[in-house]
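Listed here are the chains, written in short residue letters.
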Protein chains: 2
Amino acid sequence: MTRPFETHPGHDGELHELHAALQRRLDELLPVGDERDRVSSAMREGVLAPGKRIRPLLLILAARDLGCDRDHPGLLDMACAVEMVHASSLILDDIPCMDNAALRRGRPTIHRQYGEDVAILAAVALLSSAFGVMVAAQGLSPECRSQAVAELSMAVGTQGLVQGQYKDLREGTAPRSAEEIATTNELKTSVLFGATLQIAALAAGASPAARQKMRCFAQDLGQAFQLLDDLADGHAGTGKDINKDAGKSTLVAMLGSDAVRERLDTHLRRADAHFSRACGKNQATRRFMHAWFSKQLAAFS
Amino acid sequence: MTRPFETHPGHDGELHELHAALQRRLDELLPVGDERDRVSSAMREGVLAPGKRIRPLLLILAARDLGCDRDHPGLLDMACAVEMVHASSLILDDIPCMDNAALRRGRPTIHRQYGEDVAILAAVALLSSAFGVMVAAQGLSPECRSQAVAELSMAVGTQGLVQGQYKDLREGTAPRSAEEIATTNELKTSVLFGATLQIAALAAGASPAARQKMRCFAQDLGQAFQLLDDLADGHAGTGKDINKDAGKSTLVAMLGSDAVRERLDTHLRRADAHFSRACGKNQATRRFMHAWFSKQLAAFS
């Protein structure tokens, strides 16, 4: 990684516990329908299949780093709502008229398991449920709750995931400048990270100044993630289709792996700096981020 | 219609004005993207194409009948949010892996105009924006605003539109009992009517007792609408594909048109009774409902 990072013996254990708590709560939030109810079953498969839970973990760790009470009664649900939006977007990204992917998280994609119609309905129901979960989250002032719903809404629409997917589909195969690629990456990744971290800040009652720094943090972190995803394409073991980006104008294709890795490091360093300014010496989020990037990069270097 | 209804000379003019106000506000709420932004364009076409605006009109009229101030600052936006959810569901119902429809509101369906990928992205962005519009609606107490978002969320998911569409797709071609058909109709239509009228009641600050009566009203009204839709299938002039229900086990196929029309009348009579109990002598909503059903039924009898 960019620089050595303080180790912390309790870190892994805590992450493991949080991961398990998220899994349990997601399981509770997603109804088990009767056996004919394929939509509920597809929703559960789309969310509960083993995942990294990056966004919900970030939400909880960042909220705590920003001073949120560890026993905040709604934090877990807010994190689950963000994960449901993410899972919904993955189901849709994979369908035949989008990326037509066969594998996700090492399993057949949802439309391969359930059919395209059920996959789309499950994605829509997940998205809608995410808003229901967010608006019912306890321990937020009514104003913060409305802001959290608004953040989620903006992250999905024409200024977020939807627009990112559209740009990737329609402009991805044409020659693009590095700047255009960065814009698409921002829409595809940074915007939902941004909402995730704003919701964390709302839960923590962070100051407007801290919230602004979290926006900058999210932007650099999202770019780093998308670059990591591009670097990972072409390598086995990601649980996704290999070479799905073949023919797409990615930064890896344009600049080569080494240069992309340098860019990634730059984004991570900037993300670090933004986060430190918002959270001072609390560093559970940064520790998580660095450990995660180190592990992923080691896997295909 | 089931019984003569008091005429009201100002009624048509007021409806016309409301319809125009809705159109203007929807136009403002939906961003015009640059010319390459096909998703924004598809969203606008999906919502702004000439429509009957039944749900938003119902929301506004019912809120007023329940005592809501005519100048309520958020009522129009709440009505627009419901229309956006409805438009989103129509775009998805029409795509090839669902009903594969060619015509809607007399125009080519959204996927025929924009491609399937853009249609799906537009539907998702509309749904997400609807939550954003609802949560930003002015003039609601924070608690009522959260309840309005929750109502919308429930109307879409596995207890609402999504489940109704799934049942229609998967069970529609198999023999079904009249009761099973009624359940599917409830999910496809009554549930969003229910949310619409609950949001109207929230805007009006209606009592729990009145809200309960509005739930009953929505249920009968939704059944009546779905029966009207079934009766209309096979007739030209609806702006939709003709005979789209061919091969489906509808009540018209099972019981014949006359019996379905009797059922429709029964549901309307019940809806009338529920509404009167909630709203006493205020009857703009009932007048609208009766005028609308009379006009539609006259068109294909």
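Residues numbered from 1 in each chain as written. Chains lettered and ligands numbered in written order. Predicted model: local features only at pLDDT ≥ 70, side-chain atom pairs only at ≥ 80, totals over all residues. Heavy atoms only, no water.

As a further point, take the relation of the copies chain B and chain A. Its rotation angle being 180°, the transformation that places chain B on chain A also includes 0.0 Å of axial translation and leaves an RMSD of 0.0 Å. Within this description, the copies of the chain are treated as partners about a two-fold rotation axis. No C-alpha of chain B approaches the rotation axis more nearly than that of P142 of chain B, which lies at 2.7 Å. (Least-squares fit on C-alpha atoms with pLDDT ≥ 70 in both.)

We now examine the packing of helix α7 (residues 142–156) of chain A against helix α9 (residues 178–204) of chain A. Any two packed helices are characterised by the angle at which their axes cross and by the distance between the axes. All names here are of chain A. Between α7 and α9, whose axes approach to 9 Å, the crossing angle comes to 175°. Of the possible angle classes, the one that applies to α7 and α9 is roughly antiparallel. Judged by residue contacts, C144, Q147, A148, E151, L152, M154 and A155 of α7 engage V191, L192, A195, Q198, I199 and L202 from α9. Residue composition of the contact of α7 with α9, by class: ten nonpolar, two polar and one charged. (Axes fitted to C-alpha atoms, helices over the stretch in contact; angles between N-to-C directions. Helix = DSSP H or I, 4+ residues; strand = E, 2+ residues; numbered from the N terminus. Parallel < 35°, antiparallel > 145°, perpendicular 65-115°, else oblique. Contact = heavy atoms within 4.5 Å. Nonpolar A, V, L, I, M, F, W, Y, C, P; charged D, E, K, R; others polar.)

All names here are of chain A. Within the chain, R53 stands out as a residue other than glycine whose phi angle is a positive 55°. With a phi angle near 50°, R105 is a residue other than glycine that sits in the positive phi range. Within the secondary structure, R105 is located in the loop between β1 (103–104) and β2 (107–108). Residue class for R105 comes out partly exposed when judged on its relative accessible area of 22%. (Buried < 20%, exposed > 50% of the residue type's maximum accessible area, 1.4 Å probe, protein only.)

To continue, consider helix α9 (residues 178–204) of chain B. Residue and element names in this part refer to chain B. A maximum bend of about 45° is found in α9 at E186. Burial within α9 is extensive, with 20 of its 27 residues counted as buried. Among the residues trailing α9, G205 stands out with phi positive, at a value near 60°. (Bend = angle between axes of the 7 residues up to and from the residue.)

On to the environment of A203 of chain B. Here A203 of chain B lies in helix α9. Along the chain, A203 of chain B and Q138 of chain B lie 65 residues apart, while their C-alpha atoms are 9.9 Å from each other.

This part takes up the packing of aromatic side chains. All names here are of chain B. Applying the stated criterion across every chain, the model contains eleven aromatic pairs over all chains. Ring centres of F193 and F225 lie 4.9 Å apart, and the angle between their planes is 80°; on these two criteria the pair is classed as edge-to-face. Of this pair, F193 sits in helix α9 while F225 is found in helix α10 (residues 208–232), placing the two residues 32 residues apart along the sequence. As far as burial versus exposure is concerned, F193 and F225 are alike and both buried. With a centroid separation of 5.8 Å and 85° between ring planes, the pair formed by W292 and F293 is classed as edge-to-face. (Phe/Tyr/Trp six-rings, centres within 6.5 Å; stacked < 30°, edge-to-face > 60°.)

As a further point, take the side chain of Q163 of chain B. Summarising the element assignment, Q163 of chain B is placed in helix α8 (residues 161–171). Exposure remark for Q163 of chain B: the relative accessible area of 9% places this residue in the buried category. Excluding residues within four positions of it along the chain, Q163 of chain B makes contact with D37 and V39 of chain A together with G157, T158 and L187 of chain B.

Attention now moves to helix α6 (residues 116–135) of chain A. In this model, α6 of chain A (20 residues) spans 29 Å end to end at C-alpha, consistent with the 28 Å of a helix rising 1.5 Å per residue. Burial analysis of α6 of chain A places 18 of its 20 residues in the buried class, which makes it a mostly covered element. (Expected span 1.5 Å × (residues − 1).)

The next point concerns the pattern of salt bridges. Note on pairing: side chains with opposite charge can pair once their charged atoms come close. Enumeration over the complete set of coordinates arrives at 32 salt bridges over all chains. Its salt-bridge partner being R211 of chain A, residue E151 of chain A comes within 3.8 Å of it at the nearest N-O pair. A residue pair is termed long-range when its members are at least 10 positions apart, and E151 of chain A in helix α7 and R211 of chain A in helix α10 (residues 208–232) qualify at 60 residues. When the shortest N-O distance is used, the salt bridge between R44 of chain B and D27 of chain B registers 2.6 Å. Taken as a pair, R44 of chain B in helix α2 (residues 38–48) and D27 of chain B in helix α1 (residues 11–29) lie far apart in primary sequence, 17 residues in all. The structure contains a network of salt bridges with shared partners spanning E14, R64 and R70 of chain A. (Salt bridge = Lys/Arg side-chain N within 4 Å of Asp/Glu carboxyl O.)

So, on to the side chain of D168 of chain A. Residues and elements named next belong to chain A. Note that D168 resides in helix α8 (residues 161–171). The exposure class of D168 is buried, given its relative accessible area of 9%. A polar side-chain atom of D168 sits 2.9 Å from a polar atom in the side chain of K188. Here D168 is in contact with R176, T184, K188 and K248, once residues within four sequence places are set aside. (Polar contact = N/O pair within 3.5 Å; in protein donor to acceptor, adjacent residues only side chain to side chain.)

The next thing to look at is the packing of helix α2 (residues 38–48) of chain A against α6 of chain A. Residues and elements named next belong to chain A. Axis separation between α2 and α6 bottoms out at 8 Å; the angle between their running directions is 70°. Classified by the interaxial angle, the pair formed by α2 and α6 is roughly perpendicular. Mapping the contact onto sequence places R38, V39, A42, M43 and V47 in α2 and V118, L121, A122, A125, L126 and S129 in α6. Taken together, the residues of the contact of α2 with α6 break down into nine nonpolar, one polar and one charged.

Residue and element names in this part refer to chain A. Residue position: H86 is located in helix α4 (residues 75–94). It is 29 Å that separates the C-alpha atoms of H86 and G280, two residues lying 194 residues apart in sequence. With near-sequence residues (within four places) excluded, H86 lies in contact with R55, R105 and L192. At a separation of 3.3 Å, a polar atom in the side chain of H86 contacts the side chain of R55.

Each partner contributes residues to the interface: chain B has 43 residues there, and chain A has 43 residues. Contact between chain B and chain A buries roughly 3,400 Å² in total, counting both sides, with carbon and sulfur atoms accounting for 67%. The largest contributions to the chain B side of the interface with chain A come from D117, L121 and Y166 of chain B, which together make up 16% of the buried area. Run the count over chain B and chain A and you get two salt bridges. Put simply, D117 of chain A and R170 of chain B hold a salt bridge, and the shortest N to O gap is 2.7 Å. Seen at the junction of chain B and chain A, the total is ten residue pairs in polar contact (both at pLDDT 80 or more). (Buried area = accessible area lost by both parts, 1.4 Å probe.)

All names here are of chain B. Mapped onto the elements of the fold, R70 is located in the loop between α3 (54–65) and α4 (75–94). Along the primary structure R70 and I60 are separated by ten residues, whereas in three dimensions their C-alpha atoms are 8.9 Å apart. Aside from chain neighbours lying at most four places away, what touches R70 is E14 and R64. Of the polar contacts made by the side chain of R70, one reaches the side chain of E14; its length is 2.4 Å.

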